[in-house]
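Chain and residue survey
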Amino acid sequence: MKIEEFGLWSRRIADWSVRYLETLRDRPVRARTKAGDVLNALPVAPPETATDMADIFADFERLVPDAMTHWQHPRFFAYFPANAAPASILAEQLVTTMAAQCMLWQTSPAATEMETRMVDWLRQALDLPDGWRGVIQDSASSATLSAIMTMRERALDWRGIRSGLSGESAPRIYASAQAHSSIDKACWVAGIGQDNLVRIATSDDYGMDPGALRAAIRADRAAGHLPAGIVICVGGTSIGASDPVAAIVEVAQAEGLYTHIDAAWAGSAMICPEFRSIWEGCDQADSIVFNPHKWLGAQFDCSVQFLKDPTDQLKSLTLRPDYLETPGMEDAVNYSEWTIPLGRRFRALKLWFLIRAYGLEGLRTRIRNHIAWSNEACEAIRALPGLVIVTEPRLSLFSFACKAGDEATAALLDRINTDGRTYLTQTRHDGRHVIRFQVGQFDCTREDVMEAVEVIGELEAEG
Ligand code: PLP
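Residues numbered from 1 in each chain as written. Predicted model: local features only at pLDDT ≥ 70, side-chain atom pairs only at ≥ 80, totals over all residues. Heavy atoms only, no water.

Before going further, it helps to examine the overall build of the protein. Broken down by element type, the protein carries 15 helices and eleven strands. C-alpha atoms of the protein, sized along the principal axes, occupy 65 × 60 × 45 Å. The burial tally for the protein puts 51% of its 463 residues in the buried class. Taking the contacts inside the protein whose residues are at least 6 apart along the sequence as the reference set, 73% of them involve residues at least 24 apart. As displayed, the protein offers around 20,800 Å² of accessible surface, 54% of which is attributable to carbon and sulfur atoms. The positive charge centre, built from 46 side chains, and the negative charge centre, built from 61, are 1 Å apart in the protein. (Helix = DSSP H or I, 4+ residues; strand = E, 2+ residues; numbered from the N terminus. Buried < 20%, exposed > 50% of the residue type's maximum accessible area, 1.4 Å probe, protein only. Contact = heavy atoms within 4.5 Å. Areas by Shrake-Rupley, 256 points an atom, 1.4 Å probe, with all protein chains shown as cover. Lys, Arg positive; Asp, Glu negative; His and termini not counted. Charge placed at Lys NZ, Arg CZ, Asp CG, Glu CD.)

We now examine the domain arrangement of the protein. Entries for the protein in the domain assignment read domain 1 (3-71), domain 2 (101-345) and domain 3 (360-462). The straight-line distance from the C-alpha centre of domain 1 to that of domain 3 is 31 Å. Listed by partner, the interface residues are eight residues for domain 1 and eleven residues for domain 3. The largest contributions to the domain 1 side of the interface with domain 3 come from R25, V29 and R30, which together make up 68% of the buried area. At the surface where domain 1 touches domain 3, the tally comes to one salt bridge. A salt bridge links R25 to D448; its shortest N-O distance comes to 2.7 Å. At the surface where domain 1 touches domain 3, the tally comes to four residue pairs in polar contact (both at pLDDT 80 or more). (Domains from an automatic or database assignment. Buried area = accessible area lost by both parts, 1.4 Å probe. Salt bridge = Lys/Arg side-chain N within 4 Å of Asp/Glu carboxyl O. Polar contact = N/O pair within 3.5 Å; in protein donor to acceptor, adjacent residues only side chain to side chain.)

Each packed pair of helices is defined by two parameters, the angle between the axes and the distance between the axes. For the pair helix α9 (residues 210-222) and helix α10 (residues 245-255), interaxial distance at closest approach is 9 Å and the crossing angle is 25°. Taken together, the axis directions place α9 and α10 in an arrangement best described as roughly parallel. Considering the relative orientation of α9 and α10, their crossing is right-handed. Together, P210, L213, R214, I217, R218 and R221 of α9 and A247, I248, V251 and E255 of α10 make up the contact between the two elements. Grouping the amino acids of the contact of α9 with α10 by side-chain chemistry returns six nonpolar, no polar and four charged. (Axes fitted to C-alpha atoms, helices over the stretch in contact; angles between N-to-C directions. Parallel < 35°, antiparallel > 145°, perpendicular 65-115°, else oblique. Left-handed = near helix turned anticlockwise from the far one by under 90°. Nonpolar A, V, L, I, M, F, W, Y, C, P; charged D, E, K, R; others polar.)

Near the ligand you find 13 residues, and of these A140, S141, T237, D262 and N291 are the closest. At 2.8 Å from an oxygen atom of the ligand is found a side-chain nitrogen or oxygen belonging to T237. Coverage of the ligand by the protein chains reaches 84% of its 400 Å² of free accessible surface. Among the residues making up the shell around the ligand, the classes are represented as three nonpolar, eight polar and two charged. (Near = heavy atom within 4 Å.)

This brings us to the nonpolar core. Counting 63 residues, the largest nonpolar core has I230, I261, W279 and F306 as its most contacted members. Looking at which element gives the most residues to this core, the answer is helix α13 (residues 348-382), with eight residues. When we break this core down by domain, the ones giving at least three residues each are domain 2 (101-345) and domain 3 (360-462). Look past the residues within four positions of W279 in its chain and what remains in contact with it is L126, L128, V234, V245, I261, A263, M270 and I288. Among the nonpolar cores identified, the runner-up in size contains 26 residues, and A377, F400, L424 and V449 belong to it. (Core = buried A, V, L, I, M, F, W, Y, C linked by side-chain atoms within 4.5 Å.)

Turning next to the sheet that holds strand β10 (residues 425-429). Strand order in the open sheet made by the four strands is β8-β9-β11-β10, with antiparallel pairing throughout. Each edge of the open sheet is held by one strand with a lone partner, namely β8 (387-394) and β10. Ignoring which end each strand starts from, the neighbouring axes of this sheet average 35° apart. Helix-sheet contacts for helix α14 (residues 406-419) involve β8, β9 (397-402), β10 and β11 (432-438), and the interaxial angle to β11 is about 35°. (Pairing = 2+ DSSP bridges.)

In this section: the packing of helix α6 (residues 140-155) against helix α8 (residues 181-189). Two numbers describe how α6 lies on α8: the axes approach to 9 Å, and their chain directions differ by 50°. Relative to α8, α6 is oriented oblique. Considering the relative orientation of α6 and α8, their crossing is right-handed. Contacts between α6 and α8 involve S141, T144, L145 and I148 on the former and, on the latter, S182, I183, A186, C187 and V189. Each residue belonging to the contact of α6 with α8 can be placed in one class, and the counts come to six nonpolar, three polar and no charged.

In this section: the packing of aromatic side chains. Taken as a whole and assessed by the stated rule, the structure comprises 17 aromatic pairs. Measuring from centroid to centroid gives 5.2 Å for W16 and Y20, while their planes differ by 15°, and the two rings are stacked. Of this pair, W16 and Y20 both sit in helix α1 (residues 3-22), four residues apart, roughly one helical turn. Across the pair, Y20 and W16 agree in class, each one buried. Centre to centre, the rings of F398 and F437 are 5.2 Å apart; their planes meet at 15°, and the pair counts as stacked. Linking F398 in strand β9 with F437 in strand β11, this pair joins segments that are 39 residues apart in sequence. Note on F437: relative accessible area 0%, which makes it buried. Members of the aromatic cluster, connected to one another through ring pairs, are W9, W16, Y20, F57 and F60. The positively charged end of R12 is found above the aromatic ring belonging to W9, 4.7 Å away from the centroid. (Phe/Tyr/Trp six-rings, centres within 6.5 Å; stacked < 30°, edge-to-face > 60°. Lys NZ or Arg CZ within 6 Å of the ring centre and 35° of its normal.)

Here it is as structure tokens:
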């Protein structure tokens, strides 16, 4: 492709992007595609000769947008959000053009130094202590895997990375039943295994019971296991439950265990001082992850891991072969040494654009609105005769069900998502099938939220 043609198509694609965002409200939120539709529309064999960009783009318009679920749709209330504020999309366009690979300071000085500064801006925004440092990862899953590798190696005095795990006592990780499946997967990948992820009982509010945690750690030691660390849940995926952070870190410190807080979703709301009580004591933890790509508005992917002291994680993950040395700069910060993959994208730019374009106060206003509208939606759904609120709003997430039972709830969810005006997803809570409702799309309005409630009422009445 010649550079003039690149310019022409860049402008056309920019125009398409504006039209896409302007008209998103008119599209169904969830794709109406049937499985195999796109696969079957694509030629089985790759082309031997060049295709004109006009044809490629026409095929994109024909095949892709209607076969996508629109995460930026203002009536997307499913899962947790994966936001892309327009300012952060612009940063990603620039990053894509420069196509930098930011593994070392030397390969990307601006990316490395901006990452240091952006992590510190966010540390201040969340009111974490001075001196904490951090790194931007692709996902909370990767950050949690890094933390669990650190727990494992710290407990084994770094014998695992040298000689493997055979012959060692089993490292044990503790988390509540509300903790995300990424913790299970991190235990698999770190060679710890599912059986050594100990699920601790929760108390009435679905937070981990500190007494049960202490008892489990002591029983494990007595059985010859090796307690290694605790993953603390703040804003769990199912119903938004949080562990009592201060009480859990107190147990951890008494037992000499490493702690990692998974606040992948809820962490963004911690820019608002009035919501911080849910993670009181977080400053005593060792590691915290939150995803600005979820609720803060940074384009996916962008997950920040804060570390009280990075030394143990660096000792667990740093490898420096000759070909990655930077002669004369042995002390430079190379963020690939803090994480599992070597190659890394320039993720700090979208944070820089986002935080400057909206200001922390603009971002706080969005989060406060989402939480207020979620509470309003919850009250409106409570008033509908066939429905019941199962879990009350935790930040901007609550859940509801049909009074008639699980089958009716599943059927209602199916009608809602087939209708297309809004999109919700389910979970299982206390053995019951429930529908989750979270408000968090960056540019949604109160009207979008209340329209979703109307749709729910209308379709429930039809059922
Ligand atoms: N932790 C929590 C609480 C989550 O809700 C999620 C995803 O929704 C994750 C971890 C995994 O996040 P990621 O997709 O960034 O790995």
